[in-house]
Amino acid sequence: MRRSLRLSLFALVLLGLVGGTLAFFIAQKSLVLTVDGQAQRIGTYADTVAEVLDEEGLAPAAHDVLLPAADQPVGDGDTIVFTRARPLQLSVDGVEQEVYVTALSVDEALEQLGLRADGLVLSASRSERLPLDGMTLEVTTPKDVVLVADGQERVVTTTAATAGDLLADEGIALGEVDHTSVDLGQPLADQMRVQVFRVRIEDVTETLPVPHEVAETKDPEAFAGEKEVTTEGVDGQQTITYRVTITDGVETARETLSTVVDRAPVTEQVAVGTKARPTNRPSADGLNWAALAKCESGGRPDAVSSTGKYRGMYQFSQATWNAVGGTGDPAAASVDEQTYRAQLLYNRSGAGQWPHCGKNL
């Protein structure tokens, strides 16, 4: 082969090699890939976002954030942002849940979760970075709690987790039998009311009467309706010991511990008449008892003189009434009873017992 022909062939081969290499380099793209906030420039021949991540050994999970989407094409100079989600075992005021955040720090996680209140108490520093496998974060938010203790009611803004923690923070100690309106382990909630009840238990001794009983005995010699006390009743005396519970100064419970009778009561004995009363008629003895009664009292069985000394239809004094066998108040006796006693008095002493009205008999 002639030398000029060989040179021509060699030139053609060299030109093909250079052109292919140049085309290879022209097809390569330069991208910016940002993973969890760290950016790097990479070269790739991939056509889609998914292919780029696959080349870099990255596999998006359900809660990850990827921009653009995995199926989107990529071109030279594009930027891909890939932020991996982190599981967070979150406890807010004692309520636990698992959440996923793409935040890289505790502070960013709180922002994503909407926990922006001032005064939060956290179990980790706000600047602490979140590891890829997640972490546990406890959050206590400030709350306005109504605290009632020792006669005072006030609103306390607190980040205490429980009612017990609140009392400890406020320097309120509970006695052995004191108690609260909520369990000490109860997580606090905004506007919750926590009341401390101061309890005092003491034994109290009281001396009280023992009421006497009344026993009635039939007396066939006394008229029906008549009663006579033959033995006066006397109350006894007993000593009772109580266990008293006092809550915030008010007695709330009382338990009887013992009862001792110091003096037994004396039963009152009463004789009750059973004999039938006689039927007395004013005209039975030929005397005008109605006229006498009208003169003495206007005929009223319950009449009482202005001095109160003379009583009933026939204006008996109490002594005279008792002298003829009457009992109780003459003005309270029946018409027949009063007339009967007046007849007895007349038979014993005559009409002179009624100086002004006796002539009417």
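These numbers come from a predicted model, not from an experiment.

> An account of the sheet that holds strand β2 (residues 38–44) is needed here, citing residue identities and associated values.
Read across the sheet, 4 strands follow the order β2-β1-β4-β3 without closing on themselves; strand pairing throughout is mixed. Bordering the open sheet on either side are β2 and β3 (65–67), each of which pairs with just one other strand. Ignoring which end each strand starts from, the neighbouring axes of this sheet average 20° apart. Alignment of β3 against strand β4 (residues 79–83), held across 3 bridges, turns out to be antiparallel. The partner of Leu-66 across the bridge, within β4, is Phe-82.

> Lay out a negative patch on the surface in plain terms, naming residues and giving numbers.
Taken together, the side chains of Glu-51, Asp-54, Glu-55 and Glu-56 make up a negatively charged region of the molecular surface. As for its placement among the helices and strands, Glu-56 is situated in the loop between α2 (49–55) and β3. Judged by relative accessible area, Glu-56 falls into the partly exposed class, the value being 34%.

> So, the pairing of strand β6 (residues 95–101): which residues are in play, and what are the values?
Put simply, side chains in a regular strand alternate between the two faces of the sheet. Pairing of strand β5 (residues 86–92) with β6 involves 7 bridges; the strand directions are antiparallel. Across the sheet, residue Leu-88 finds its bridge partner in β6, namely Val-99.

> Can you tell me about the packing of aromatic side chains, naming the residues and giving the values?
This model, assessed by the stated rule, comprises 4 aromatic pairs. Aromatic pair Phe-316 and Trp-321: ring centres 5.2 Å apart, planes at 75°, arrangement edge-to-face. Note on Trp-321: relative accessible area 0%, which makes it buried. One aromatic cluster in this structure is built from Trp-289, Tyr-314, Tyr-346 and Trp-354. In this structure, Arg-254 packs its charged tip against the face of Tyr-242, placed 4.5 Å from the ring centre.

> So what about the state of the cysteines? Which residues, and what values?
Applying the stated rule across the entire model yields 1 disulfide. What pairs with Cys-295 in a disulfide is Cys-357, and their sulfur atoms sit 1.9 Å apart. Across the disulfide from Cys-295 to Cys-357, rotation about the S-S bond amounts to roughly -65°, and the bridge is consequently left-handed. Here the residue Cys-295 occupies a position in helix α5 (residues 289–297), and Cys-357 occupies one in the segment after α7 (335–349), the gap between them amounting to 62 residues. With relative accessibility at 6%, the residue Cys-357 sits in the buried group.

> Quick one: what's the story with helix α3 (residues 106–113), residue by residue and with numbers?
Buried residues of α3: Val-106, Ala-109 and Leu-110, and no others. Along α3, the residues classed as buried sweep out an arc of 100° about the axis, all on the same side. Those residues of α3 that are buried lie in contact with β5, β6, β7 (121–122) and β8 (135–140). One or two residues past the end of α3 sits Gly-114, with phi positive at roughly 80°.

> A description of the nonpolar core should follow, citing residues and the corresponding values.
In this structure, Leu-88, Val-106, Leu-130, Leu-137 and Val-139 are the most contacted members of the largest nonpolar core, which totals 16 residues. Secondary-structure elements contributing two or more residues to this core are β5, β6, α3 and β8. Setting aside its immediate chain neighbours within four residues, Leu-130 contacts Arg-86, Leu-88, Val-101, Ala-103, Leu-104, Ser-105, Val-106, Ala-109 and Met-135.

> Summarise the side chain of Ser-297; cite the residues concerned and give the values.
With respect to the element layout, Ser-297 can be found in helix α5. For Ser-297, a relative accessible area of 7% corresponds to the buried category. In this view, Ser-297 contacts Ala-303, Gly-312, Met-313 and Gln-315; residues no more than four positions away in its chain are not counted.

> Quick one: what's the story with the environment of Val-234, residue by residue and with numbers?
Here Val-234 lies in the loop between β15 (227–231) and β16 (236–247). A relative accessible area of 40% means that Val-234 is categorised as partly exposed. Not counting residues within four places of it along the chain, the set of residues in contact with Val-234 comprises His-212, Pro-265 and Val-266.

> For the pattern of salt bridges, give the residues involved together with the corresponding values.
Here the idea is simple: oppositely charged side chains can pair when their charged atoms come close. A full pass over the atoms with the stated rule returns 16 salt bridges. With a closest N to O distance of 3.2 Å, Glu-206 and Arg-254 form a salt bridge. Here the residue Glu-206 occupies a position in strand β13 (residues 199–210), and Arg-254 occupies one in strand β17 (residues 250–263), the gap between them amounting to 48 residues. Owing to a relative accessible area of 27%, Glu-206 belongs among the partly exposed residues under this scheme. A relative accessible area of 38% places Arg-254 in the partly exposed class. Across the salt bridge formed by Arg-311 and Asp-329, the nearest N and O atoms sit 2.7 Å from each other. You can see Arg-311 sitting in the loop between α5 and α6 (318–323) and its partner Asp-329 sitting in the loop between α6 and α7, a full 18 residues away along the chain. Among the ionic contacts, a cluster of salt bridges with common partners joins Asp-36, Arg-84 and Arg-86.

Reading the values: the criteria
- Residues numbered from 1 in each chain as written.
- Predicted model: local features only at pLDDT ≥ 70, side-chain atom pairs only at ≥ 80, totals over all residues.
- Heavy atoms only, no water.
- Pairing = 2+ DSSP bridges.
- Helix = DSSP H or I, 4+ residues; strand = E, 2+ residues; numbered from the N terminus.
- Axes fitted to C-alpha atoms, helices over the stretch in contact; angles between N-to-C directions.
- Patch = residues over 30% accessible without salt bridge, like charges linked within 9 Å, V, L, I, M, F, W, Y side chains within 5 Å.
- Areas by Shrake-Rupley, 256 points an atom, 1.4 Å probe, with all protein chains shown as cover.
- Salt bridge = Lys/Arg side-chain N within 4 Å of Asp/Glu carboxyl O.
- Lys, Arg positive; Asp, Glu negative; His and termini not counted.
- Charge placed at Lys NZ, Arg CZ, Asp CG, Glu CD.
- Buried < 20%, exposed > 50% of the residue type's maximum accessible area, 1.4 Å probe, protein only.
- Phe/Tyr/Trp six-rings, centres within 6.5 Å; stacked < 30°, edge-to-face > 60°.
- Lys NZ or Arg CZ within 6 Å of the ring centre and 35° of its normal.
- Disulfide = S-S within 2.5 Å.
- Arc of directions from axis to C-beta.
- Contact = heavy atoms within 4.5 Å.
- Core = buried A, V, L, I, M, F, W, Y, C linked by side-chain atoms within 4.5 Å.

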